[in-house]
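For reference, the chains in residue letters:
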Amino acid sequence: ILHKCLNDAIRRGYVGYNAAHGAILPRIEPNEMYILDEEDVLRFLITIQGSSHEALYILAIKTGMRRGELLALKWSDLNWKMGTVSIQRQVQRITGQGMVFRPPKTRASRRTIQLGEQTLQTLRDQFERCKTLQKIAGNIWKEHNLIFPSTVGTPLGGSNVLKDFKSQLEKAGIKEIRFHDLRHTAASLMLNNGVPVLVVSKILGHSKTSTTLDIYGH
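Reading the values: the criteria
- Residues numbered from 1 in each chain as written.
- Predicted model: local features only at pLDDT ≥ 70, side-chain atom pairs only at ≥ 80, totals over all residues.
- Heavy atoms only, no water.
- Helix = DSSP H or I, 4+ residues; strand = E, 2+ residues; numbered from the N terminus.
- Buried < 20%, exposed > 50% of the residue type's maximum accessible area, 1.4 Å probe, protein only.
- Contact = heavy atoms within 4.5 Å.
- Areas by Shrake-Rupley, 256 points an atom, 1.4 Å probe, with all protein chains shown as cover.
- Lys, Arg positive; Asp, Glu negative; His and termini not counted.
- Charge placed at Lys NZ, Arg CZ, Asp CG, Glu CD.
- Pairing = 2+ DSSP bridges.
- Axes fitted to C-alpha atoms, helices over the stretch in contact; angles between N-to-C directions.
- Parallel < 35°, antiparallel > 145°, perpendicular 65-115°, else oblique.
- Left-handed = near helix turned anticlockwise from the far one by under 90°.
- Nonpolar A, V, L, I, M, F, W, Y, C, P; charged D, E, K, R; others polar.
- Patch = residues over 30% accessible without salt bridge, like charges linked within 9 Å, V, L, I, M, F, W, Y side chains within 5 Å.
- Salt bridge = Lys/Arg side-chain N within 4 Å of Asp/Glu carboxyl O.
- 1 Å grid on protein atoms, 1.4 Å probe; cavity = no way out; pocket = protein on both sides within 12 Å on 5 of 7 lines; lining within 4 Å.
- Points joined across faces, edges and corners; volume = space filled by probe spheres on them.
- Phe/Tyr/Trp six-rings, centres within 6.5 Å; stacked < 30°, edge-to-face > 60°.
- Lys NZ or Arg CZ within 6 Å of the ring centre and 35° of its normal.

Participant: Where do I start with the overall build of the protein chain in this structure?
Facilitator: A tally of helices and strands in the protein chain yields nine helices and five strands. Taking the principal axes of its C-alpha atoms as reference, the protein chain extends roughly 65 × 45 × 35 Å. Looking at the 218 residues of the protein chain, the share that counts as buried comes to 41%. When contacts within the protein chain are restricted to residue pairs at least 6 apart in sequence, those whose partners lie at least 24 apart make up 53%. Total accessible area computed for the protein chain in this model is approximately 13300 Å², and 53% of it derives from carbon and sulfur atoms. Of the side-chain charges in the protein chain, 30 are positive and 19 negative, and the distance between the mean point of each set is 10 Å.

Participant: Could you clarify how one ought to interpret the sheet that holds strand β5 (residues 111-114) in this entry?
Facilitator: In sheet architecture, strand pairing relies on hydrogen bonds along the backbone and comes in two forms, parallel and antiparallel. Strand order in the open sheet formed by three strands is β1-β2-β5, with antiparallel pairing between adjacent strands. The two strands at the open ends of the sheet, each matched to only one other strand, are β1 (78-79) and β5. Note that β1 and strand β2 (residues 84-87) share two bridges and pair antiparallel. Opposite L78, over in β2, you have V85 as the bridge partner.

Participant: For this particular structure, what's the right way to read the packing of helix α2 (residues 38-47) against helix α6 (residues 158-172)?
Facilitator: The description of two packed helices rests on the angle between their axes and on the distance between the axes. Two numbers describe how α2 lies on α6: the axes approach to 9 Å, and their chain directions differ by 110°. One element, α2, and the other, α6, form an angle in the roughly perpendicular class. Here the hand of the crossing between α2 and α6 comes out right-handed. Between α2 and α6, the contacting residues are R43, F44 and T47 on the first element and F165, Q168, L169, K171 and A172 on the second. Looking at the contact of α2 with α6 residue by residue, the classes come out as four nonpolar, two polar and two charged.

Participant: Sorry, what's going on with a nonpolar patch on the surface here?
Facilitator: On the surface, I10, Y14 and V15 cluster together to form a nonpolar patch covering roughly 290 Å² of accessible area. In this fold, I10 is placed in helix α1 (residues 2-11).

Participant: Got a minute to help me understand the packing of helix α7 (residues 181-192) against helix α8 (residues 197-204) in this structure?
Facilitator: Put simply, α7 and α8 touch, their axes get as near as 10 Å, and they point 160° apart. One way to sum up the angle between α7 and α8 is to call them roughly antiparallel. The hand of the α7/α8 crossing is right-handed. Seen from α7, the contacting residues are R183, A187, M190 and L191; seen from α8, they are V197, V200, I203 and L204. Here the residues of the contact of α7 with α8 sort into seven nonpolar, no polar and one charged.

Participant: Which parts of the structure should I look at to understand the environment of L182?
Facilitator: The topology assignment puts L182 in helix α7. For L182 and R66, which are 116 residues apart along the polypeptide, the C-alpha to C-alpha distance reads 8.8 Å. Those residues in contact with L182, other than ones at most four positions away along the chain, are L36, A60, I61, F165 and I177.

Participant: Would you mind going over the layout of surface pockets with me for this structure?
Facilitator: Any empty space left between atoms is shown by rolling a water-sized probe over those atoms. The volume enclosed by the largest pocket comes to roughly 710 Å³. Around the largest pocket, the lining is made up of 31 residues, and of these R66, R67, K105, H180 and R183 lie nearest the centre. Counting only elements with at least two residues in the lining of the largest pocket, the list comes to α4 (67-71), β3 (90-94), α6, α7 and α9 (209-216). Here the lining of the largest pocket is built from residues that sort into ten nonpolar, 13 polar and eight charged.

Participant: I would appreciate a short explanation of the packing of aromatic side chains in the present structure.
Facilitator: Working definition: an aromatic ring pair is given by the centre-to-centre distance plus the angle between the planes. Using the criterion set out here, one finds seven aromatic pairs in the structure. When the centroid spacing of 5.8 Å and the interplanar angle of 45° are considered together, the rings of Y57 and F165 count as tilted. On the criterion of sequence distance, the pair formed by Y57 in helix α3 (residues 54-63) and F165 in helix α6 is long-range, its members being 108 residues apart. An aromatic cluster is defined as three or more aromatic residues linked by ring pairs; in this entry it consists of F44, Y57, F165 and F179. Here the guanidinium or amino end of K74 rests over the ring plane of F101, the centre of that ring lying 5.1 Å away.

Remember, this is a structural readout, not a statement about activity or role.
Here you go:
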């Protein structure tokens, strides 16, 4: 980043030399990746049946969407007839502002994903659950048309999801992993079952297949 800034400064005539040129970069040690194998996924899916976040977990495992993308999904993003869901935004917690809708992480993150009939049925059940939540909340409901709202209609807090996620893993007898590792799990399941890298890359929202290969080539 600093090297690029100084190159821009040279082009604008502010400096005559890029002091970052030739700098030796530190070696990046990638974080160890943890994923659920197919047996773990089956146990997890059985455990979460009836959970208030069941649809959220299923969509995470089936599509590999990022947590912020999942929590920002609106019913208007879902095309029931075509069986697709479009990622148009993400939600982030910003200090002093709470949960805020933001543009997707990258241009490639704006994407449309085809869903299977089983996943669509799970979302139909979630739609009915949202109507029940709205009825219970009454006048305090804040309508954002979210697929995964809080009990009052606002964006669901990530900490609440993580607490429940950890609890569900424990019930299933599965080692603790990060929620983001469900994204890695989804990618690994797709690749191991013969889905082409180009397709997996587009589903994950990577701008290049090389990014997908760098992460999951092993």
